Every structure is written in C-alpha cells, then in structure tokens.
Amino acid sequence: MANLKASIKQIRQDERKTARNGPVRSSLKTYVKNANIAVEGGNQESSLESVRVAISKLDKAAQKGIIHKNQAARRKSRLVAKFKSKFDAAS
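Residues numbered from 1 in each chain as written. Predicted model: local features only at pLDDT ≥ 70, side-chain atom pairs only at ≥ 80, totals over all residues. Heavy atoms only, no water.

Ranked by size, the top nonpolar core spans 14 residues in total, and within it Val 51, Leu 58 and Ile 67 carry the most contacts. Sorting the residues of this core by element identifies α1 (5-41), α2 (44-64) and α3 (69-87) as the ones contributing at least two each. Contact partners of Leu 58, with chain neighbours within four places excluded, come to Leu 28, Val 32, Ile 67, Ala 72, Arg 75 and Lys 76. (Core = buried A, V, L, I, M, F, W, Y, C linked by side-chain atoms within 4.5 Å. Buried < 20%, exposed > 50% of the residue type's maximum accessible area, 1.4 Å probe, protein only. Helix = DSSP H or I, 4+ residues; strand = E, 2+ residues; numbered from the N terminus. Contact = heavy atoms within 4.5 Å.)

See the structure below:
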C-alpha cells in the first residue's frame, strides 16, 4: 500500500478511470468482432455498415484517450484491409 497522500489519491483516480474505461474497451472489442464476422459472412452491405460503426467507435475511443491513437489506426487498417480483400476481389 502506498504511504504518500498523493500516491493514495493517484490509486483512487486510476481505479475510477479503469472502471469508466473498461466497458468502453469491451464494447470496442464487440464492435470489431461483429464487423469481422459480418465481413466473413459475405454480405457486402451489412459488412460495410458494421465496419463503419466499428471505425466510428474506434475513433471516438482514441479521441477520448481510452485507447492510443495508433492502436485505433492499426485496428481500423486491419479491418478495412480485410473488408477490401473480401469484396474488392469479388467485384
């Protein structure tokens, strides 16, 4: 256990931030997973909508500092690359 008053306060703040950010991170994983499943499913229109929603949520989380902006960019890039490889080759 921390002895300094400032350290104790920082621990309290970290616990609050973790509690606030946890559900957002969890929902991000769900949105990305749903987008991946939709892309694998093969329906282009529903896949496009799922990818758009996932990208929007990733951008919002990065903007609020819940995830790092580079992590958001990497996850969006992988998602779009998967979408393009599935549907650009089919077109």
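With that settled, consider the packing of α1 against α2. Interhelical geometry of α1 versus α2 gives an angle of 155° and a closest axis separation of 8 Å. The orientation of α1 with respect to α2, classified from their angle, is roughly antiparallel. Note that α1 runs across α2; the crossing there is left-handed. When α1 is examined against α2, the residues Val 24, Leu 28, Tyr 31, Val 32, Asn 34, Ala 35, Ala 38 and Val 39 are found in contact with a partner set consisting of Ser 46, Ser 47, Ser 50, Val 51, Val 53, Ala 54, Lys 57, Leu 58 and Ala 61. Partitioning the contact of α1 with α2 into residue classes produces 12 nonpolar, four polar and one charged. (Axes fitted to C-alpha atoms, helices over the stretch in contact; angles between N-to-C directions. Parallel < 35°, antiparallel > 145°, perpendicular 65-115°, else oblique. Left-handed = near helix turned anticlockwise from the far one by under 90°. Nonpolar A, V, L, I, M, F, W, Y, C, P; charged D, E, K, R; others polar.)

For Ser 47, the position within the fold is in helix α2. The exposure class assigned to Ser 47 is buried, which follows from its relative accessible area of 0%. Within the structure, Ser 47 has its side chain in polar contact with the backbone nitrogen of Val 39 (distance 3.4 Å). When neighbours within four sequence positions are excluded, Ser 47 is seen to be in contact with Ala 38, Val 39, Phe 83 and Phe 87. (Polar contact = N/O pair within 3.5 Å; in protein donor to acceptor, adjacent residues only side chain to side chain.)

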